[in-house]
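Secondary and tertiary structure notes
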Amino acid sequence: MDFTLSKEQRDIVRAARKFANGEFLDRALEFDREEKFDLDLWRKACELGFVGVFIDPAYNGAGMGFLEHSLITEEFWAADPGIGQAILSTTFGSELLLLYGSEDQKQLVLPKLVAGEAIISTAITEPDAGSDVTGVRTTAVKDGDEWIINGSKMFNTNGTIATWILMFCMSDPENPSRHERHSFILIPTDTPGFKAKKILGKTGIRASDTADVSLKNVRVPIDHLVGKQGQGFHELMAFFNRTRLHICAQAVGLARGALDEAVHHTKERRQFGAPLASFQVTQFKIAEMATLIRAARNLYYEAAWLVDRGNLDHALIAMAKWFSAEIAVRCADEAVQMHGGYGYIDEYKVNRLYRAAKVLEIYEGTKEMEKTIISRSILG
Ligand SMILES: Cc1cc2nc3c(=O)[nH]c(=O)nc-3n(C[C@H](O)[C@H](O)[C@H](O)COP(=O)(O)OP(=O)(O)OC[C@H]3O[C@@H](n4cnc5c(N)ncnc54)[C@H](O)[C@@H]3O)c2cc1C
């Protein structure tokens, strides 16, 4: 494997960094404190071609790989995780449509996501079904040429602003296998019976919308089924094997942002008559952070590279997701430590990075679930 980025990839990194540093830094504190976001920033990112680069040209995407999307994600998250998430999560679900959507579904949704005209979201988690996705109880029942959906979802990213939500529902409750009972259904959020309520008080990524969703007799046409009826669990696993790579890139970006802040601060801040960076304790922390970041990046680059070549390795993806999230938490913690009391104040970027990091070990598979996948691949 050649680890050198191509000229085109280096240009993507440069452009994403310039955009993020130019547009995010001045507004990050306001969005974080007020738990809001300005969607014009998302539209601008779409105009500049940063959103959905992995979507095929047939649907107006750039037709690049998950690696290129990761490069953008790293830069956005290094600048500000909340804004990075608010912008790049707007395509969360397109990966599933690309894999399993009908041609009509892809034509309807994907070009609008790239153009900044619509947002897609994916709702799996429920009040009583988190890590165990087979416990999802939201029902989808056929009634003539329609599906009727009833239930509730938790922690749905972009739930209050999405145009469509891919709803993970129980469609085949009688199937003897609990892995053959669920299906994805595409729901336009303006359908009667759909309600979303914003969740306030998140620890981090507060610019990103998260919602409780309820569905009461929501009716959609029968052709809104995505993929095959009863195969939702398997489709979800395939989906996560793409989207977990995005989380790796978020984590590595965040960790690198923390390292940059730590380097800058420890060179400026003087104690005992010398810059903090001159103390060996600081130097070792910086060395460890840089090494962990490099290791995490190499792990997920390899995983993304294999996916882009159609040779997916699910255990490697789980390793990359667990490891990158854990090093993000650790690097953010060390960076706050090196800032002393200043790091405890939200005006300092490092504070936002620290608060944002934890979610990486929770969403799209907790670190315990990732370790379960890894150990199963070894022990059988
Ligand atoms: C900001 C944010 C955004 C999110 N966005 C979305 C979204 O867009 N769509 C969506 O569907 N969900 C979303 N989620 C939900 C997220 O994916 C879940 O929170 C996550 O999967 C964990 O589920 P849970 O919270 O129910 O925890 P639980 O499953 O209850 O787990 C609690 C703890 O128990 C551990 N645990 C559970 N089972 C086992 C076991 N068998 N062995 C060992 N340990 C175990 C877990 O690892 C965890 O540490 C989001 C969450 C957050 C915080």
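Located above this text is the structure these notes cover.
What this report covers is the structure whose coordinates are included nearby. (Residues numbered from 1 in each chain as written. Predicted model: local features only at pLDDT ≥ 70, side-chain atom pairs only at ≥ 80, totals over all residues. Heavy atoms only, no water.)

**Section: the pairing of strand E4 (residues 164-170)**
To keep it simple, the criterion reads: Buried means the residue's accessible area, taken with a 1.4 Å probe over protein chains only, is under 20% of the maximum for its type, while exposed means over 50%, and partly exposed covers the values in between. Numbering of helices and strands runs from the N terminus; a helix is a DSSP stretch of H or I covering at least four residues, while a strand is a stretch of E covering at least two. Criterion used throughout: strands pair if DSSP finds at least two bridges between them.
Burial analysis of E4 places seven of its seven residues in the buried class, which makes it a mostly covered element. Taken together, the four bridges between strand E1 (residues 120-123) and E4 define a ladder with parallel strand orientation. Across the sheet, the residue bridging to Ser 121 is Ile 165, located in E4. The pairing of E4 with strand E5 (residues 182-188) spans seven bridges and is classified as antiparallel. The partner of Leu 166 across the bridge, within E5, is Leu 186.

**Thoughts on the environment of Thr 191**
Note the threshold: A 3.5 Å cut-off defines polar contacts: any pair of N or O atoms within that distance qualifies, except that in protein one atom must be a possible hydrogen donor and the other a possible acceptor, and neighbouring residues in sequence count only when both atoms are side-chain atoms.
Relative to the elements of secondary structure, Thr 191 occurs in the loop between E5 and strand E6 (194-198). Along the sequence, Thr 191 and Val 220 sit 29 residues apart, while their C-alpha atoms lie 7.8 Å from each other. Within the local environment of Thr 191, its side chain forms a polar contact with the backbone oxygen of Pro 188, the two atoms lying 2.5 Å apart.

**A few points about the site of the ligand**
Heads up, the condition is: Any residue with at least one heavy atom within 4 Å of a molecule or strand is counted as near it. In this description, accessible areas are obtained by the Shrake-Rupley approach with a 1.4 Å probe, and a residue is regarded as covered only by the protein chains that are shown. Throughout, the ten residues Ala, Val, Leu, Ile, Met, Phe, Trp, Tyr, Cys and Pro are labelled nonpolar, Asp, Glu, Lys and Arg are labelled charged, and all others, Gly among them, are labelled polar.
Near the ligand there are 18 residues, and of these Thr 125, Ser 131, Phe 155, Thr 366 and Glu 368 occur at the shortest range. Contact between the ligand and Ile 124: an oxygen atom at 2.7 Å from a main-chain N or O atom of the residue. Contact distances for the ligand include 2.6 Å between an oxygen atom and a side-chain N or O atom of Thr 366. Bound to the protein, the ligand loses 62% of the 970 Å² it would expose on its own. Of all the secondary structure elements, the ones that give two or more residues to the shell around the ligand are E1, strand E3 (146-157) and helix H12 (367-379). With three residues, E3 is the single largest residue contributor to the shell around the ligand. Of the residues assigned to the shell around the ligand, the class counts are eight nonpolar, seven polar and three charged.

**A few points about helix H1 (residues 7-23)**
Test applied: In this scheme, a helix's expected span is set at 1.5 Å multiplied by one less than its residue total. Note: the arc covers the axis-to-C-beta directions of the helix.
In this model, H1 (17 residues) spans 24 Å end to end at C-alpha, consistent with the 24 Å of a helix rising 1.5 Å per residue. Within H1 the residues assigned to the buried category are Gln 9, Ile 12, Val 13, Ala 16, Phe 19 and Ala 20. Around the axis of H1, the buried residues are gathered within 140 degrees of arc, so they sit on the same side. Across from the buried face of H1, at angles greater than 90 degrees, the exposed residues are Lys 7, Arg 14, Lys 18 and Gly 22.

**Considering the packing of aromatic side chains**
Between two aromatic rings, the relevant description is the distance of the centres plus the angle of the planes. We count it as follows: Only the six-membered ring of Trp is used, alongside the rings of Phe and Tyr, when aromatic pairs are assigned; centres must lie within 6.5 Å, and planes under 30 degrees apart are stacked while those over 60 apart are edge-to-face, with the rest tilted.
Considering all chains together, one arrives at 13 aromatic pairs under this definition. Between Phe 239 and Phe 240, the aromatic rings sit 6.0 Å apart at their centres with planes inclined by 25 degrees, giving stacked as the arrangement. The same class applies to Phe 239 as to Phe 240, namely buried. Judged by centre distance (5.7 Å) and plane angle (55 degrees), the rings of Tyr 342 and Tyr 348 are tilted. What makes Tyr 342 partly exposed here is its relative accessible area of 37%. Note on Tyr 348: relative accessible area 31%, which makes it partly exposed. Grouping aromatic residues by their ring pairs yields a cluster made of Phe 19, Phe 24, Phe 50 and Phe 76.

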